[in-house]
Structure formats: C-alpha cells, structure tokens
Amino acid sequence: MLSAIGRAFRTPDLRRKLLFTLGIITIFRLGAFIPAPGVDYGNVQQCLQLGNTEGGLYQFVNLFSGGALLQVSIFALGIMPYITASIITQLLRVVIPRFQELHQEGAQGQAQLTQYTRYLTIALGLLNATTLVSLARSGALLGNCPVPIIPDDSLITIILLIITLTAGTGLIMWMGELITERGVGNGMSLLIFTAIAAGFPSSLGEILRTQGWTVFLSVLLIGVVTVMLVIFVEQSQRRIPVQYAKRMIGRRTLGGSSTYIPIKVNMAGVIPVIFASSMLYLPSLIAQFNTPTDGETPPPEWVNWITTYLTSGDHPFYMALYFAMIVFFTYFYVAITFNPEEVSENMKKYGGFIPGIRAGRPTAEYLQYVLSRITLPGAIYLGLVALIPLIALVAINANQNFPFGGVSILIMVGVGLETVKQIDAQLQQRHYEGLLR
C-alpha cells in the first residue's frame, strides 16, 4: 500500500493533482477558523464552553461545515447551501419539464443545470446567512449565551457580515469545482469528507475524557465493524443482464454484445437521512417559536408533547418515527432518480433486451419489480446506520455527533471509496498496476 502511494507521488501529473487537492483542502480548513467581520472570537469561545449547542440545527449544518458554524467563521455556512440547491434542482426535474429536457440533452444541458444550481446556491447562502446573523444577534445561535457574539450590531456591520458569509459559500463552491477539474475526485464530496473527518478527533477525545478507556475502545471496535458493513453494502449491487442484438448498418455489423444494468442496494445514498432529519427538526423549531420567553407562563400542551417526543433523540418514539421516515424517503428518492420506463425505452431504441423478458413495457415492469425488492434492504440498512448515534446517546450518553454512524460514516466511506477508485484508475493507466491489489 505504501509503495503504491509512493508511485502515485512519483508520477508527475498525478502528484500535481494530489498536491493541488491537498492545497485546496488546507485552505478550506483554515477558513473554518477565520472569524467573520464583526464577530467577537473571545465571546464565541466563551459561549461554546457553556455546551448548549447540541442537536437540531447544529447537528447537520455544523457537521457539514467542519465546526465552522459554531466558530461563526467566514465559512460558517459550509457546503450545506450547495447540497440543498443540488437536491432542489434534482427534484425540480419531476415538476418542471424544461429541467428534465436539459438533463436529457447531454453535456450542454448538464452545464445549464449546473449554472442554475450555482445561482440557487448563492440565493440559499444569502437566506441562510441572514438567518444565521439574526440568531447570532439574538444570542440564540449558541444556546442563549449571555455575552454578545456581535458587539457592534449596526446596519453596516450586519450587511458586511451577511455578504461575507454568502461569499464564503460561493468560495467553497468554487474550490470544490476546482478540485473536480484539476484535482482528484469529486470536489464537493471531498470538502464534505474533510469537514466531517475534522470532527472525529474531538469527538473521540470527548468520549475518552468523559467515559474512559473501556467505552473508548468499545466505540473504536463498533466503528471498525460499522465501516466494514457499510463498505460491504455500498459495494453490493444487483446486476441485470442485458443482451444487444446484432444490427447491420451499411457494411458494418453492430451490437451482439452482453452487458448488465447495475442496481445498487443503496441507490439513494445519504439523501433520505438528510430529508428525515430536516423534517423531524421542523416540529421542534415550531415549538421553540411558540414557547413563552418570560419563564413564568407555562407552554401549551402540544409544545410539551413535541419537547418530550420529537426533540430529544433518546426517546423510542423519535427513533421509530426517524426510521420509518428514512424508509419512506428512500423509496421516494429512488422513484425520482431511477425511471424504469426511461431505461426500458433506451434499451429498446438500441436493440437491447433482458434475456427472458420482452422489450418495452414488460421490461419496465420487471425493472420496477427488481428495484422495489432491492430498495427494501437498502432502506432498512440506512435506517439502522442512522440510528447508531441515537442508540449511542442512550447507551453511553454520547452526544448526537457520535462519530461512527449516521450521515458521517455513510459520506466518509462513500467518498473514500470513490476517490480511491479514481486514483487507482489513473495509476493503472500509467503503471499497469493500481493503488489496490
């Protein structure tokens, strides 16, 4: 393995790509610790020491920003606006026919959709920056901290802060695209990987400090087993054989080849977990706005019910609802992203067929049947992996950012596998021997 890494760095063009990628990642991490203009860094650290920043809004946004959100840095919004914009653009293909047409036009249409995603990212970044600044001004961002995060809340300071946070989102998006073009791997995915991996040492250190060596070693063992299982499932796929008939075009004979359609067990990736977590956060957000602030008036009964059952992740009802929503969103997202009828029509157009299945509608029905059956274990797998941090919260009193589970482990394993495959492919092109044997 070490010799393979050495070969990668001895190859000039691959070494240049790897060093460029590492340089962009370094800049991304440095930006997470540069305070935004108008923010008192000392007061921020004082508020963080109070430890009132768990769960809810902080769980995902802070995770994807690599801790930059709670530092109120120039990269506080992280990559989250781009992720949201990408999901929205993908879902709009079902609603807006023009988006579906662009998707089917090839490279030119994809470029146009990418441009729409960029515009939407900046718009969402502006909206998120305004919300973040409002929470910081009121003191609610860091758990109702008594000291002001923004001492000078004049209009000029607020506008400058909003523009800086929005520009930070645009800069992250640009750096991710630079990695994709000139570096190794998918830039956005690597930045998310970096942000999540940056929180692992502090999470493990906190478990060691509060729980001791026994629990710490148990967590590491659970992590190794979880990573192995996630790799196994992420690499699993159902291969549907496809045969292409021979065709005569002029004097040439085309077709006659055999291939397959790979249907992964987890086709939805991490999107259903993000959807379910976002939906479950809405009730607690509504309850927070309807809770009396004077400290004397009792909150309404429905607010107490939401606080009891839908705010803390350690309640069985919350876990069951979370699991059910992940299963639902897995089927929902797979139904949007994989269209059996479209695949069937493309096969029929180029003379392809599944052995034993007639072309056309029977092929689409067969693909739908296989897809629905293989999505079930994928949905159950996603739900169980997402519940690992919540179970850890009950079992060892760890926080909800438990490192080996949920969104973090799914993204890290997926991005790691894809990046290693790309490096391996480039090594094989140059040395006939890859990174992995």
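Criteria and thresholds
- Residues numbered from 1 in each chain as written.
- Predicted model: local features only at pLDDT ≥ 70, side-chain atom pairs only at ≥ 80, totals over all residues.
- Heavy atoms only, no water.
- UniProt positions renumbered as here; feature names shortened; annotations may be inferred.
- Pairing = 2+ DSSP bridges.
- Helix = DSSP H or I, 4+ residues; strand = E, 2+ residues; numbered from the N terminus.
- Phe/Tyr/Trp six-rings, centres within 6.5 Å; stacked < 30°, edge-to-face > 60°.
- Buried < 20%, exposed > 50% of the residue type's maximum accessible area, 1.4 Å probe, protein only.
- Salt bridge = Lys/Arg side-chain N within 4 Å of Asp/Glu carboxyl O.
- Core = buried A, V, L, I, M, F, W, Y, C linked by side-chain atoms within 4.5 Å.
- Contact = heavy atoms within 4.5 Å.
- 1 Å grid on protein atoms, 1.4 Å probe; cavity = no way out; pocket = protein on both sides within 12 Å on 5 of 7 lines; lining within 4 Å.
- Points joined across faces, edges and corners; volume = space filled by probe spheres on them.
- Nonpolar A, V, L, I, M, F, W, Y, C, P; charged D, E, K, R; others polar.
- pLDDT = per-residue confidence, 0-100.
- Axes fitted to C-alpha atoms, helices over the stretch in contact; angles between N-to-C directions.
- Patch = residues over 30% accessible without salt bridge, like charges linked within 9 Å, V, L, I, M, F, W, Y side chains within 5 Å.
- Areas by Shrake-Rupley, 256 points an atom, 1.4 Å probe, with all protein chains shown as cover.

- For the protein, an unreviewed UniProt entry supplies the name Protein translocase subunit SecY and the organism Arthrobacter parietis.
- Under the Subunit (unreviewed entry) heading, UniProt states for the protein: "Component of the Sec protein translocase complex. Heterotrimer consisting of SecY, SecE and SecG subunits. The heterotrimers can form oligomers, although 1 heterotrimer is thought to be able to translocate proteins. Interacts with the ribosome. Interacts with SecDF, and other proteins may be involved. Interacts with SecA."
- In its Sequence similarities (unreviewed entry) section, the UniProt record describing the protein reads: "Belongs to the SecY/SEC61-alpha family."

## Description of the sheet that holds strand E5 (residues 352-353)
Alright, step 1. The three strands are arranged E4-E1-E5 in an open sheet whose pairing can be described as antiparallel. Two strands in the sheet have a free side with no partner beyond their single neighbour: strand E4 (258-264) and E5.
Alright, step 2. The pairing of strand E1 (residues 237-244) with E5 spans two bridges and is antiparallel. Looking at E5, one finds that tyrosine 244 is bridged to glycine 352.

## Examining the packing of aromatic side chains
A ring pair, where both rings are aromatic, is described by two values, the distance of the centres and the angle of the planes.
Alright, step 1. A complete count under the given rule lists 10 aromatic pairs for this structure.
Alright, step 2. Seen in terms of ring centroids, tyrosine 318 and tyrosine 322 are 6.1 Å apart; in terms of plane orientation they differ by 40°. Their pairing is tilted. Taken together, the residues tyrosine 318 and tyrosine 322, both in helix H15 (residues 316-337) and four residues apart, mark about one turn of the helix. The exposure classification of tyrosine 318 matches that of tyrosine 322, with both residues buried.
Alright, step 3. Summarising the aromatic geometry, the rings of phenylalanine 329 and phenylalanine 332 are spaced 6.5 Å apart at their centres and angled 80° between planes, so their arrangement reads as edge-to-face. Of this pair, phenylalanine 329 and phenylalanine 332 both sit in helix H15, three residues apart, roughly one helical turn.
Alright, step 4. Relative accessible area serves as the criterion here: at 36%, phenylalanine 332 is assigned to the partly exposed category.
Alright, step 5. Clustering of aromatic rings is evident, with ring pairs tying together Phe275, Phe328, Phe329, Phe332 and Tyr333.

## Observations regarding the pattern of salt bridges
Alright, step 1. Across all of its chains, the model carries four salt bridges by this definition.
Alright, step 2. A salt bridge links glutamate 177 to arginine 118, with the nearest nitrogen and oxygen atoms 2.9 Å apart. One end of the pair, glutamate 177, is in helix H9 (residues 155-182); the other, arginine 118, is in helix H8 (residues 107-138), and 59 residues separate them in sequence.
Alright, step 3. What makes arginine 118 partly exposed here is its relative accessible area of 27%.
Alright, step 4. Among the ionic pairs, lysine 264 bridges to glutamate 234, the shortest N-O distance being 4.0 Å. Remark: glutamate 234 occurs in helix H12 (residues 213-235) and lysine 264 occurs in strand E4; sequence separation between them is 30 residues.

## Concerning the nonpolar core
Alright, step 1. One finds Ile263, Val273, Tyr322 and Leu410 to be the most contacted residues of the largest nonpolar core, which totals 67 residues.
Alright, step 2. Looking at this core, the element that brings in the most residues is helix H17 (residues 361-395), giving 10 residues.
Alright, step 3. Setting aside its immediate chain neighbours within four residues, leucine 410 contacts Val230, Glu234, Val270, Val273, Tyr381, Leu382 and Val385.

## Let's talk about empty space enclosed by the protein
Alright, step 1. Taken as a whole and assessed by the stated rule, the structure comprises one cavity of 30 Å³ or more.
Alright, step 2. Size it by volume and the largest cavity reaches roughly 30 Å³.
Alright, step 3. Lining the largest cavity we find Lys264, Val265, Asn266, Met267, Ala268, Thr330, Val334, Thr375, Gly378 and Ala379.
Alright, step 4. Mapped by element, the contributors of at least two residues to the lining of the largest cavity are H15 and H17.
Alright, step 5. With three residues, the single largest contributor to the lining of the largest cavity is H17.
Alright, step 6. Among the residues forming the lining of the largest cavity, the class breakdown is five nonpolar, four polar and one charged.

## A closer look at the layout of surface pockets
Alright, step 1. Looking at the second largest pocket, its volume works out to about 1,600 Å³.
Alright, step 2. Lining the second largest pocket are 44 residues, with Gln90, Asn186, Ser189, Ile271 and Tyr333 positioned closest to its centre.
Alright, step 3. Elements with a contribution of two residues or more to the lining of the second largest pocket: helix H6 (80-95), H8, H9, helix H10 (187-197), H12, E1, helix H13 (271-289) and helix H18 (406-431).
Alright, step 4. At eight residues, the largest contribution of residues to the lining of the second largest pocket is made by H18.
Alright, step 5. Broken down by class, the residue content of the lining of the second largest pocket amounts to 18 nonpolar, 18 polar and eight charged.

## Here we look at the confidence of the model for the protein
Alright, step 1. Here the protein shows a mean pLDDT of 80. Residues at 70 or above account for 83%.
Alright, step 2. Looking across the protein, the model is least confident in helix H4 (residues 57-64), with a mean pLDDT of 60, and most confident in H9, with 91.

## Quick look at the packing of H9 against H10
Alright, step 1. With their axes 7 Å apart at the nearest point, H9 and H10 run at an angle of 115° to one another. Across from Ile172, Met173, Met175, Gly176, Glu177, Ile179 and Thr180 in H9, the residues of H10 making contact are Gly187, Met188, Leu190 and Leu191.
Alright, step 2. Classifying every residue of the contact of H9 with H10 by side-chain character gives seven nonpolar, three polar and one charged.

## So, a nonpolar patch on the surface
Alright, step 1. Among the surface-exposed residues, Tyr331, Leu376, Ile380 and Leu384 lie close enough to one another that they form a single nonpolar patch of about 330 Å² accessible area.
Alright, step 2. Inspection of the secondary structure puts isoleucine 380 in helix H17.

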